[in-house]
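The residues making up each chain are set out below.
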Amino acid sequence: MNSDLKDLVCRTRSYRAYDPAPVTEETLRELVDVARLTNNGMNMQELKYRLVTGDEAAGLHTEVRWAGLLSVKLPPEGSCPPAYILICLDTAVRSEAASEKIDVGIAAEAIALAATERGLGSCMLGSFDRGHLAGTLHLPEGLIPELLLSIGKPAETVVLTDLPADGKTAYYRDAAGTHFVPKRPLDDVIVR
């Protein structure tokens, strides 16, 4: 296996604190360009992307619920993401179908990997009021928000760890704010 790819996957984590340095619309366009080239069910290409930067991004972090397993306020004060990419289903191309969720996941992971490759971080956010977000971002009729990705230079440390003895997969933070993500061993996820 290509160790560079595995390293990129391991570095592609969900970041919930960002440096305030802006992310340009051109950078977001480059990330979406990677996503548009990914595999897609029946090659329908039903996904559209709304790029969010600047003042518009500054208010967007309150539209989503961050890290439901943690009791701390995220993102921390002064660490909100400077940009977002909203993945939408274009119902004029394809009405909701089972494979559409798969297409969203493939596109989102491609964006996350491409962001990491450029020294940025991301977090996939699905816990938001779709109708309200569509109104806030003035989406055209027929575009349904599916997944929001925060984008920016990470301002926190995320560490992959072995699954603890109790078998719990819940992520957690230590007193210093380091975010730990337990992962099951390889032999536990392979069916024999």
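Quick note: structure is the one above.
What this report covers is the structure whose coordinates are included nearby. (Residues numbered from 1 in each chain as written. Predicted model: local features only at pLDDT ≥ 70, side-chain atom pairs only at ≥ 80, totals over all residues. Heavy atoms only, no water.)

1. Structural notes on the pairing of strand β7 (residues 179–183)
Part 1 of the reasoning: Of all five residues that make up β7, four are buried, and the element is covered over most of its length.
Part 2 of the reasoning: Bridge count for strand β5 (residues 158–162) against β7 is five bridges, and the pairing is parallel. By the bridge assignment for β7, Val158 is matched with His179.
Part 3 of the reasoning: Bridging between strand β6 (residues 172–173) and β7 involves two bridges; their strand directions are antiparallel. Residue pairing for β7: Tyr172 is matched across the bridge by Phe180.
Part 4 of the reasoning: In this structure, the hairpin formed by β6 and β7 is closed by a connection of five residues, where Gly177 is found at a positive phi of approximately 90°. (Buried < 20%, exposed > 50% of the residue type's maximum accessible area, 1.4 Å probe, protein only. Helix = DSSP H or I, 4+ residues; strand = E, 2+ residues; numbered from the N terminus. Pairing = 2+ DSSP bridges.)

2. Thoughts on the environment of Ser99
Part 1 of the reasoning: Inspection of the secondary structure puts Ser99 in helix α4 (residues 98–117).
Part 2 of the reasoning: Counting along the chain gives 57 residues from Ser99 to Met42, while the straight-line C-alpha distance between them is 9.1 Å.

3. Some remarks on the packing of aromatic side chains
Part 1 of the reasoning: Evaluated as defined, the whole model comprises one aromatic pair.
Part 2 of the reasoning: Measuring from centroid to centroid gives 5.2 Å for Tyr172 and Phe180, while their planes differ by 15°, and the two rings are stacked.
Part 3 of the reasoning: The side chain of Arg16 reaches across the aromatic face of Tyr171, ending 5.0 Å from its centre.
Part 4 of the reasoning: Against the face of Phe128 rests Arg130, its NZ or CZ located 4.6 Å from the ring centre. (Phe/Tyr/Trp six-rings, centres within 6.5 Å; stacked < 30°, edge-to-face > 60°. Lys NZ or Arg CZ within 6 Å of the ring centre and 35° of its normal.)

4. Here we look at the sheet that holds strand β2 (residues 83–90)
Part 1 of the reasoning: Read from one edge of the open sheet, four strands run β1-β2-β4-β3, paired in antiparallel fashion. In the strand order of this sheet, the two ends are held by β1 (47–53) and β3 (121–125), each with one partner. Each strand of the sheet is rotated relative to its neighbour by a mean of 25°, with strand direction disregarded.
Part 2 of the reasoning: In the sheet, β3 pairs with strand β4 (residues 143–152) via five bridges, with the strands oriented antiparallel. Opposite Leu125, over in β4, you have Leu148 as the bridge partner.
Part 3 of the reasoning: The sheet contacts of helix α2 (residues 25–36) involve β1, β2 and β4, and relative to β1 the element is tilted by about 160°. (Axes fitted to C-alpha atoms, helices over the stretch in contact; angles between N-to-C directions. Contact = heavy atoms within 4.5 Å.)

5. Let's talk about the pattern of salt bridges
Part 1 of the reasoning: The tally for this structure, following the rule as stated, stands at nine salt bridges.
Part 2 of the reasoning: Asp33 is the partner of Arg36 in a salt bridge, and the nearest nitrogen-oxygen pair spans 2.4 Å. Of this pair, Arg36 and Asp33 both sit in helix α2, three residues apart, which is roughly one turn of the helix.
Part 3 of the reasoning: Under the relative-accessibility criterion, Arg36 is labelled exposed at 53%.
Part 4 of the reasoning: A cluster of three or more residues bridged by salt bridges with shared partners is formed by Glu30, Glu117 and Arg118. (Salt bridge = Lys/Arg side-chain N within 4 Å of Asp/Glu carboxyl O.)

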